[in-house]
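Coordinates in review
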Amino acid sequence: MSSVLLLAGTAEARALATALSQIEELKVTASLAGVTSDPPELPVPTRTGGFGGAEGLTDWLAEHRPAAVIDATHPYAAQMQRNTVIACTRALTPHLRLLRPAWPKRPGWQVVESMSDAAKALPAGAHALLTTGRKDIAPFAARTDARFALRSIEPIQGLPPHIQPMIARPPFTVDQERASFALLGITHLVTKNAGGSGTAKLDVADAMRIATIVVARPAPPPGPRAETVEQAVAWLHRVVAT
Ligand code: NAP
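1. Here we look at the packing of aromatic side chains
- This structure, assessed with the given rule, holds 2 aromatic pairs.
- For the pair Phe-51 and Trp-60, a centre-to-centre distance of 5.9 Å together with 80° between the ring planes defines the contact as edge-to-face.
- Accessibility expressed as a relative area gives 13% for Trp-60, which makes it buried.
- Judged by centre distance (5.5 Å) and plane angle (65°), the ring pair of Phe-140 and Phe-148 falls under edge-to-face.
- Judged by its relative accessible area of 1%, Phe-140 is buried.
- Over the face of the ring belonging to Phe-51 we find Arg-47, whose NZ or CZ atom lies 3.9 Å from the ring centre.
- Seen from the ring of Phe-172, Arg-151 lies directly overhead, with NZ or CZ sitting 3.9 Å from the centre.

So, in C-alpha cells, the structure goes:
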C-alpha cells in the first residue's frame, strides 16, 4: 500500500484529506503544527506537533517512507515550506506544494514586503485591524503612536495596551466585518494575501474606503505546485501508483 504525508493546517488540506481518504490502497497521514488548541478534525490519521526542523522531518521520512509529501500548509507557512523541500530532497521523496491562488491586487492596496514595512506604512494615530496572525507582532508593538485590534483564533499573551485582542474564528460575513470596522472605528486594515474565500474584510474595507496594507506572500518553493485540491490529487495519481 502506498502512503502519503499531508502537511495540513488549512481548509484546502482538510478538503484534500477528504479526497485522499476515498482513494483505496492509499494510507494518508496528516500533520498539524499544533498551534490551535481545538482544530477541526481531519478524516485521516493525524499526528500533531513540529518535526524538529528539516532534520527532524528528514528522519521522519526515513522512518515512515511515504511515497510522497503534499505541503498544504498556509501560503505564509514559509518555514514549513522550506523544511519540506530540504527534507524531501534529502530523502528523495516527491513533494508537491498546494498553494491557493493569491487575491488579485485591488486598486488602492498598498503592498509591502514584510510586517515591519506594514507597521512603518501606518500613519500616527491610525487604528488598524491586524488580521496577520499571532506571529510578527513586534513591529506593531513598537508603534505606540497607533492603536491596533489584533484578530486571532487563540488568545495571545503579553500584548501591550495599545494592541487590543479580538478573539474570533473565521469565516466572517460582510455584515460582521462591517460591524467590527464601524464599532472599533478602524482606519486601516493590515492583512496577508491569504487568497481563498475570506474576502469580506477586503470588500468592506473597499466599501468603507479604509486603507488596506497587504503583506506580500513569501516566494513559492522550488518544485511542483498545485493551486487546487483536484490538481493535487491528479499529481499524486501520477507520482504514486494508486
Ligand atoms: P511556519 O512558520 O512555516 O512553521 C513553523 C514550524 O511549525 C515549522 O518549522 C514546523 O516545526 C511547524 N509546523 C508548521 N506546519 C506544520 C505541520 N503542518 N505539521 C507539523 N509541523 C508544522 O508555519 P506557521 O506560519 O507558524 O503556521 C503553523 C501552522 O498554522 C501551519 O500548519 C499553517 O498551515 C497554519 N496556518 C498558518 C497561518 C499563517 O498565517 N502563517 C494561517 C493559518 C494557518 P518543526 O520545524 O519543528 O517541524
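Still more to cover.
2. Looking at the sheet that holds strand β6 (residues 110-112)
- Within the open sheet, the 6 strands sit side by side as β6-β11-β10-β7-β8-β9. Their pairing is parallel. Both edges of this open sheet fall to β6 and β9 (163-167), since each of them pairs with a single strand only. Across the sheet, the mean angle from the axis of one strand to that of its neighbour is 20°, orientation sign disregarded.
- Examined bridge by bridge, strand β8 (residues 147-152) and β9 share 5 bridges and lie parallel to one another. Bridge assignment links Phe-148 to a residue of β9, and that residue is Ile-163.
- Taken strand by strand, helix α7 (residues 200-207) contacts β8, β10 (188-192) and β11 (211-215), and its axis lies near 150° from that of β10.

The rules behind the values
Residues numbered from 1 in each chain as written. Predicted model: local features only at pLDDT ≥ 70, side-chain atom pairs only at ≥ 80, totals over all residues. Heavy atoms only, no water. Phe/Tyr/Trp six-rings, centres within 6.5 Å; stacked < 30°, edge-to-face > 60°. Buried < 20%, exposed > 50% of the residue type's maximum accessible area, 1.4 Å probe, protein only. Lys NZ or Arg CZ within 6 Å of the ring centre and 35° of its normal. Pairing = 2+ DSSP bridges. Helix = DSSP H or I, 4+ residues; strand = E, 2+ residues; numbered from the N terminus. Axes fitted to C-alpha atoms, helices over the stretch in contact; angles between N-to-C directions. Contact = heavy atoms within 4.5 Å.

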